[in-house]
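# Architecture and fold: a report
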Amino acid sequence: MSLKERFTILVTFQSSLFALKIFSQRAFMVLPFELIEEILHRTPAESLIRFKTACKRWYNLISRDKKFMYNHLDKSPERFLRIDGCEMVQIMDPATGISSVTPIPHVFRDTYSIISMVHCDGLMLCICRGHRANACLAVWNPVLRKFKWVKPSVRCWNSDYFGIGYDNASRDKYKILRFWGPLSHPNDDKSDPKFEIKESNSDSWRVLLGAEFDGEVDLDCRGVSVKGNMYWTAENNNKDGFILSFDFSMETFKDLCLCPPESSVTRKLACFDGDRLSLLQQHYEEESPEIEVWVTNKLSDVVVSFHRYLSVTKPGAAALCFNMAITGYSVGKHRNIMAWCEGVDHKEDDGRNVCIKFYEIDEGRITKQIVTGRYRQIIYRGSLNTRSYVYVPSLVSIPGQRNKR
């Protein structure tokens, strides 16, 4: 049997856990391990969690080999993750529209609710609602179904801003950033640090001295982590929009570039193509709101700026930034938008039925529309109950924890 024929056989069995477990023992006798490793690189992270029990060598590769983990992560396609109230987690593959549903970790369901999340390398930094206006922090890996509470140094507020990233010198050493928002510290407690950071190998936070920036971060922007650094939409003293960045290697803020001009729009910031930013803007005062998507060049370039990537002006465009809805969206390389969001179901007369839909939109029309759920609300004021995010499934362990067999 030729090497090519062996490769074809193993790929054919890849989708079946039972078949792969039976076949794996024989595969080791006839296939180089480098070829098996390459196949595992292309296997979804959700399946690898089950495959690691096939043998000890697979277990060590999938659970302990950091080089394999990050190579697999960098090749993994994006998924959409939606928190349904405080009970369920729904994960969708945008390429197929296939979704899975699992219970949310019981500590979130029974004790705290998630206000927002920031994604980095498959890890979700969860900002949770605590007592009164307080906030609690946790790091969660939905694939491994592991989480860890992050103890703050001082009282955190719901309106604080948080970020997660890493030093370029050591990708697996993650850092968490916290700084005041405009509504933080209603008692104006000047004794608390305005900027502080926590490293994954430390149990304590440290104050960032001299970490200042001019302007204010948008209230509804929770930020996006790209290549280990954080980015937010903000406004300067002249009310001009710009992108504020935080470099976790230098531990400094920077005005990255100006935002595109806006007028009566809502804005959503996301990662594009792994190393760039996208900015979705939508006019909300029109019946069929126009959608504009702007993208940057590579964030590592000396000068970064936005250019218009696509515009959707056809009637019937989806309201992707409806009211206060937290919408997960992704911009494809073929000038299309994928988004998971909600809005009033106009087929109902009372306006209380909320419809949750997954959209795929190109410059001409809505090419795909999947209804993934409905719920009823007395008065619809935007999504405080349903939130969606874009993330990449990964095998990366929670900082400070180890995967157990």
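A quick note: this is a predicted structure, and the numbers were derived from the prediction, not measured. (Residues numbered from 1 in each chain as written. Predicted model: local features only at pLDDT ≥ 70, side-chain atom pairs only at ≥ 80, totals over all residues. Heavy atoms only, no water.)

## Things to note about the overall build of the protein
- Of the regular secondary structure elements, the protein holds 7 helices and 26 strands.
- Across the 405 residues that make up the protein, the buried fraction comes to 53%.
- Put simply, of all contacts in the protein between residues at least 6 apart along the chain, 50% involve residues at least 24 apart.
- Within the structure as shown, the protein displays about 20,200 Å² of accessible surface, and the carbon and sulfur contribution to it stands at 50%. (Helix = DSSP H or I, 4+ residues; strand = E, 2+ residues; numbered from the N terminus. Buried < 20%, exposed > 50% of the residue type's maximum accessible area, 1.4 Å probe, protein only. Contact = heavy atoms within 4.5 Å. Areas by Shrake-Rupley, 256 points an atom, 1.4 Å probe, with all protein chains shown as cover.)

## Considering the pairing of strand β9 (residues 161-167)
- Most of β9 sits inside the fold, with 6 of its 7 residues counted as buried.
- Where β9 meets strand β10 (residues 170-179), 7 bridges bridge the pair, whose relative direction is antiparallel. Paired with Gly165 across the bridge in β10 is Lys175.
- Following β9, the chain reverses through 2 residues before pairing antiparallel with β10. (Pairing = 2+ DSSP bridges.)

## Let's talk about the nonpolar core
- By size, the foremost hydrophobic cluster in this structure holds 40 residues, and its most contacted members are Leu177, Phe179, Trp232, Leu244, Phe246 and Phe253.
- Counting residues in each nonpolar core, the second largest holds 34 residues, with Ile91, Phe108, Ala138 and Val143 among its members. (Core = buried A, V, L, I, M, F, W, Y, C linked by side-chain atoms within 4.5 Å.)

## Comments concerning the pattern of salt bridges
- Per the stated rule, a full pass over the model turns up 17 salt bridges.
- Close ionic contact of Asp172 with Lys66 constitutes a salt bridge, the shortest N to O distance being 2.5 Å. With a gap of 106 residues between them, Asp172 in strand β10 and Lys66 in helix α6 (residues 66-75) connect regions that are remote in the sequence.
- A salt bridge links Asp74 to Arg171; the nearest nitrogen and oxygen atoms lie 3.2 Å apart. Highlighted residues: Asp74 in helix α6 and Arg171 in strand β10, separated in sequence by 97 residues.
- Residues joined in a network through salt bridges with shared partners are Asp167, Lys175, Glu199, Arg206 and Glu251. (Salt bridge = Lys/Arg side-chain N within 4 Å of Asp/Glu carboxyl O.)

## Digging into the packing of helix α3 (residues 33-41) against α6
- Interhelical geometry of α3 versus α6 gives an angle of 45° and a closest axis separation of 9 Å. The angle between α3 and α6 falls in the class oblique. Contacts from Glu37, Glu38, Leu40 and His41 in α3 reach Phe68, Asn71, His72 and Lys75 in α6.
- Here the residues of the contact of α3 with α6 are counted per class, giving 2 nonpolar, 3 polar and 3 charged. (Axes fitted to C-alpha atoms, helices over the stretch in contact; angles between N-to-C directions. Parallel < 35°, antiparallel > 145°, perpendicular 65-115°, else oblique. Nonpolar A, V, L, I, M, F, W, Y, C, P; charged D, E, K, R; others polar.)

## Focus: the sheet that holds strand β19 (residues 276-283)
- Overall, antiparallel pairing links the 4 strands, which are arranged β18-β19-β20-β21 in an open sheet. Single-partner strands in this sheet number two, and they are β18 (265-272) and β21 (306-312). Across the sheet, the axes of successive neighbouring strands diverge by a mean angle of 20°, strand direction being ignored.
- Two elements, β18 and β19, share 8 bridges in a ladder whose sense is antiparallel.

## Let's talk about the sheet that holds β9
- Taken in spatial order, the 4 strands make up an open sheet running β9-β10-β11-β12, and their pairing is antiparallel. The open sheet is flanked by β9 and β12 (205-207), the only strands paired with a single partner. Strand-to-strand, the axes of this sheet are offset by a mean angle of 30°, without reference to chain direction.

## A short note on the packing of helix α5 (residues 56-64) against α6
- Their axes nearest at 6 Å, the elements α5 and α6 cross at an angle of 65°. Between α5 and α6, the crossing angle belongs to the class labelled roughly perpendicular. Along its contact with α5, which presents Leu61, Ile62, Ser63 and Arg64, the element α6 presents Lys66, Phe68 and Met69.
- Here the contact of α5 with α6 is composed, by residue class, of 4 nonpolar, 1 polar and 2 charged.

## Digging into the pairing of β18
- Most of β18 sits out of view: 8 of its 8 residues are buried.
- Counting the residues that bridge the hairpin from β18 to β19 gives 3 residues, and of these Asp273 lies at a positive phi of roughly 60°.

## Comments concerning the confidence of the model for the protein
- Averaged over every residue, the pLDDT of the protein is 81; residues scoring 70 or more account for 79%.
- Between the elements of the protein, mean pLDDT differs from a low of 45, seen in helix α1 (residues 3-13), to a high of 97, seen in strand β14 (residues 224-226).
- Segment residues 380-385 is flagged for pLDDT under 50; beyond a separation of four residues in sequence, or across chains, it makes 22 contacts in the model. (pLDDT = per-residue confidence, 0-100.)

## Let's talk about the state of the cysteines
- In this structure the tally under the stated criterion is 0 disulfides.
- Here Cys257 is not cross-linked by a disulfide; its sulfur's nearest cysteine counterpart is in Cys259, at 6.5 Å. (Disulfide = S-S within 2.5 Å.)

## Quick notes on the environment of Val89
- Turning to its location among the elements, Val89 is positioned in strand β2 (residues 88-92).
- Here Val89 falls in the buried class, since its relative accessible area comes to 2%.
- Those residues in contact with Val89 that lie beyond four places of it in its chain are Leu81, Arg82, Ile83, Ser100, Val101, Thr102, Pro103, Ile104 and Trp140.

## Side note on unusual backbone geometry
- With a phi angle near 55°, Asp121 is a residue other than glycine that sits in the positive phi range.
- Residue placement: Asp121 occurs in the loop between β4 (113-120) and β5 (123-129).
- You will see that Glu251, though not glycine, has its phi angle at about 55°, which is positive.
- The topology assignment puts Glu251 in the loop between β16 (241-247) and β17 (252-258).
- When its relative accessible area of 15% is taken as the criterion, Glu251 is described as buried.

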